[in-house]
Amino acid sequence: MASSMGRALQPQLGAQRSVRQGASRIRGAQGPRTVPSFGLKALRKEDAELLKEAESYMSPEEHTELRRLLEENQRLRQVVTTSASQMSPQQLERFTAEYKNLAAAAEQAGLAVDQQLKQQITAPQAAASPSRSSSASGTGRFEAAAGASGGYGYGRSSVSVLVAEPPAAPPASAAPPPPPPSFGSGGGSPKGGATAFEVSSRDYAKDMASLSVELDATIDDEEDHDVPPRKAQMLDAREKKQKSAAAGDYGALNGASAADDKAAKEAARAAAIAEVEGHRAADVVAGREHWMIITVPEKPVAGAPLQMYFNRNQSEKLRNRPHIVMQYGFNHWELQPEAGNSVDLFPAPTPKSDVTDFWTCRVQVPEDTYELNFILHDKAGAYENNNGMDFTYPAEAGIDYDTWVDTAAERIVAKELARREAEAKAAEEERKAAAALMEQQAKEFGEKKAAELKNNLSGLQEGGTAALLRNGVPVYKVTPSFPVAGGKAVVAYNRKGGSFNNFPIPEGEAVNLLYGFNGWQQSGKAAMRRVPAAPKPTGAVAGTKPVEDEEWWEVEVQIPNIAVAMNFVFNYYEHYDNNAKADYKVKVGLPAGKTLEAWAAGLSEEYRVMELAKRRAEMAEREEKQRRSDEKKKLAQDLVKAVERRKVRHVLYTVPEVVEAGEEVTIFYNPRDTPLNGRQQLYLMGGWNRWTHKRSFGPVAMHPPEDGGEHWQATVVVPKDAYKMDFVFADVPGGDGTYDNRGGFDYHLPVEGSPVRESPLYVAHIAVEMAPIAKVGGLGDVVTALGRAVKEQGHMVEVILPRYDFFLHSPVLQGQLKYETEFDWGGTRIYVTTAVVENLRVFFIEPKNGFFATPTVYGRYDDEVRFDFFCKAALEFLLKTGRQPDILHCHDWSTAHVAQSYWNDYHSYGLHKPRVIFTIHNLNYGQKKIGEAAHACQKFTTVSPTYAYEVGGAPIIAPHGHKFMGIRNGIDPELWSPEDNIFLPVKYTSETVVEGKKAAREALRQRLNLTGWNDKFIVAVVSRLTGQKGVPLIKHAAYRTVERGGQFVLLGSAPDPKVQADFDALASSMGGQDAAFQFKYDEPLSHLIYAAADMIVVPSMFEPCGLTQMIAMRYGTVPIVRHTGGLRDTVFDVDFDKERAAWELYGSSDWQRDGIDATNGFAFTGTDGGALDYAMNRAIDAWYNDREWFRGLQRRIMEQDWSWNRPAIDYIELYFSALKS
């Protein structure tokens, strides 16, 4: 919409002046605050008398206008009085100067100015001394020339426009104040100053609308806000502001009761309805031919219809336009009509001329309205919107602005509850639809299976026999010889006639029958019992050998109704008698008395029931799995929040610890380690919902610490619709001073129990890697995992990638790619396709210039040119498709060009909304590009706090250090999960880590041909073989592991042929029963290695973050690392890092007091073999000497959370801070 959706209304014919009540918004260094204004109160007695007298000589329109002006006058009077009572001397001085200018302008306009009021306001500023002795009453309230008349008057009018509220009644002993003088061009009033209203009220309104008065007790932040210390009040938000019971204009008039107020509103609505229904359009526009807009009634009435007439010929923008639409809303566009917010206008039955061409429409004004907002347009881009400020008409018989704001929380809560109810209803409908679909599919499945059985009966039974002889010795027999569906059968097995004849079955053990029906459907397993030896079993097969060649086992089996054949084999541990892999089979007959047709019909229903039960069980299992996963995530996220609260407790904490919507919360603040250390007075100021809430709090003067304490405190009430509490601290109540705003991030606390959810961010990652479809290093993992984690927090995340040729062979993308759009740019045609990868929407940029027709991500001579082209093509795609992300997140040198290109070429040309975040994954590559992005972005990060510290002094980073921070990477705990992993022989948890890792070791040894003798410890390395990863130390680890009696496994390869040759030689010399080298990337094998290894070595020379150590801990594998970069941030040495681990992982400042041991590995700092030996030997010694302690360490590290829970929260906060940049 080509509209500001603003509030102000320029004075013009036919448009009424908008009067804003309530709170006005300002924004300071600490965010937006609310400056209270004051609602309408009862008219003064003399004003009411004037209004009553005017009924005799004024038209209804003039009388309505007079009443409005009197109300406005009273409102302005209140503002002056209350504003002056809150002013500091500096503010009062500024107000006085503004008043002088205003009075001069009024006099120049021909308005009479109350000289007494002018003298009192503009008197020498002795009245503005710190004590306010001459400008304040005993209560400290400014009293400005009260009287029955005065202020601005026009002609002989005594209507005051700027007159203070009358002061409180003086003591009985005090002399009454002198009577106010008379003003105006005529004589005095015969009735105590209430003269006849001889001037046109509309002319008076026009003069009034031409003046702009800002009466605000708060000045800009650049001005001083000094308040005398003795005046600083210990404010407490628990002292709730009393609200007027009246609503709207009518409740305020003459102190009318609620019943009278309701009756007055109903009368006004009835009158408005009658006026709308009974008016003639020609009469309405008569004499108003030059007006652009006319309304009936003239002032909108809440709860009644409104007829609007628009003179098309008075609008330069919409003159002669064939279609005109009114787009409207109420209450600053916050209240939208339920039936839609636009209505077509049609030609009115009025005379037409070169001056007049009225079009009209009718709208309904809701009862809870204080103003009508609208614009007009032609559906083709031409707008009449009051010069960009929208049309705004105040309404009567509704509510006032204060009431609207005060009830905002209830409205939002009701709206959110309605949304949730609608979602629940939709979910229930979806569940019912899914259940119906499941029923239908089960029915179709049953019919299909029954038909297949009927048609394939002979094939399924072929080769089935009730007994089998092998070399004259019976192998099995089934009784009865022709079992029937729905009955029972006894299967007997002669061990000596089958494959188990060479070894006896000990007492207490059994042969198992594995069986199924109709080709192994409905399979089962049953333990057979040994049949006592007998001379010859009843029903023995003729021609069999003597009884000594027999050892019978038998079991009874229930035959299901669907069976036409029974398939079975015999099992004893790893041994099987399966008829030389052909399995055994016996025919099953139809139930007695059943025809084939009747049996097939019944079979269809049985299959339907079975299939439906199966599908329901699968769905229940999925739901339960999801529930457990969600519960686990929530526990982890709650722990993250609790740890963060503990970490800042020495500076900040709340009572209660968890902030609840609609409840009180007390903020405790210790300024000792902040910029406010040593200040004598502190103020708390803040807002809600990331400063977007209509209500704010403060500045609140905080209560000083109690004896022996360090924390200042203040209490506020949390709105019911708050989901986030935002605040800062200062040593001044506003303006110049010292602020603690958490380094520009502000303090933010989550609020629980709010029905309102935070508006989601729209984040677009622009990258050249993404796991699993285009993974080269950790960058691809981060793009996917971070995107998923942020999306799980309720935000919208999309990824933009080049469309490489190798995607055509990706099993993940097979059959998924769908056309999105295409456009010409950069001298070529660009096609965009899309798919969902790892639950993220991904867009693929495919230029026809061949830039990404490559088999790999990197490796061409023109990588920089290609990726720069991709960066701008991605921005062009966003622009051309109308997308407006909040955040553009680009990664490493390969998409660093996004930052500069966006600001130079796109921000001012339509793609206006985004802010840019840039992440450095490795500073060793593309430093020039990284430097450009660091300069152009709003915030930039690297992948761990320690790496940020290590590189923070680099010339390309240091100049921008104020917007640089380190956020560690995480891992996807579902992708790397030993609890649900198809690549492991046994799934395990922290409780079953010993059994699970033992099974994994056996499987790994079998796969890599390692010896299982003595169950040696296994040390693993999973890494690219580059200088960064510590190649010499990797070799040293291999030698040391075997030397100490363990087994060494390496998975990885070297891009450098020379390095690869060295490791080939190492594999030739060491490979065998205790060492294995796999020079490739093998995802399934990596899972098995992580699970099987007891220790993993990560000896990097530098490591921005590193994922290997976190993945290993997820599988209970103890990390041995060199303390650098992210390795230091994630691995805490069991001997030296107990204090640091307890603080970082649990927010504990005293691990001994709290009984917390959060250490998780072994570390070293040197770069030689001796340093590595120091860590490895301690780990190996622990494995040898205290196996129980070592297993406990494995359990502990499995339970630590190295997911994206914490980093995602940090990134989301970073995104929001970037939006403020």
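What you see is a predicted model; the values in this text were computed from it and never measured. (Residues numbered from 1 in each chain as written. Predicted model: local features only at pLDDT ≥ 70, side-chain atom pairs only at ≥ 80, totals over all residues. Heavy atoms only, no water.)

(A) Representation of unusual backbone geometry within the structure. The peptide bond linking Val655 to Pro656 adopts the cis configuration, its omega dihedral lying at 0°. Tracing the sequence through the fold places Pro656 in the loop between strand 22 (652-655) and strand 23 (659-660). Cis geometry marks the peptide bond from Gly698 to Pro699; its omega dihedral reads 5°. By the element assignment, Pro699 lies in strand 26 (residues 697-701). Look at Asn518: it is not a glycine, yet its phi comes out positive at around 55°. Within the secondary structure layout, Asn518 lies in the loop between strand 15 (512-517) and strand 16 (521-527). (Helix = DSSP H or I, 4+ residues; strand = E, 2+ residues; numbered from the N terminus.)

(B) Layout of the nonpolar core. If you look at the biggest cluster of nonpolar residues, it comprises 85 residues, and the most contacted ones within it are Leu875, Leu888, Phe918, Leu923, Ile957 and Tyr1215. When residues in this core are grouped by element, the largest group, nine residues, is from helix 14 (residues 863-880). (Core = buried A, V, L, I, M, F, W, Y, C linked by side-chain atoms within 4.5 Å. Buried < 20%, exposed > 50% of the residue type's maximum accessible area, 1.4 Å probe, protein only.)

(C) Main features of helix 15 (residues 897-906). Among the residues of helix 15, those classed as buried are His897, Val898, Ala899, Ser901, Tyr902 and Tyr906. The secondary structure elements touched by the buried residues of helix 15 are strand 31 (762-766), strand 33 (818-825), helix 14, strand 36 (887-891), strand 37 (915-920) and helix 16 (927-936). (Contact = heavy atoms within 4.5 Å.)

(D) Layout of the pattern of salt bridges. Summed over the entire model, instances satisfying the criterion amount to 85 salt bridges. A salt bridge links Glu554 to Arg529; its shortest N-O distance comes to 2.7 Å. Taken together, the residues Glu554 in strand 18 (residues 552-558) and Arg529 in strand 17 (residues 529-530) connect sequence positions 25 residues apart. Assessed through its relative accessible area of 23%, Glu554 is described here as partly exposed. For Arg529, a relative accessible area of 47% translates into the label partly exposed. For Arg530, the salt bridge identified is with Glu551, shortest N-O distance 3.1 Å. (Salt bridge = Lys/Arg side-chain N within 4 Å of Asp/Glu carboxyl O.)

(E) How the structure looks around the environment of Val405. Along the polypeptide, Val405 turns up in helix 9 (residues 401-406). Judged by relative accessible area, Val405 falls into the buried class, the value being 4%. It is 7.1 Å that separates the C-alpha atoms of Val405 and Lys694, two residues lying 289 residues apart in sequence. If we ignore the near neighbours within four places in the chain, the residues touching Val405 are Lys694 and Arg695.

Nothing here speaks to function; it is geometry throughout.
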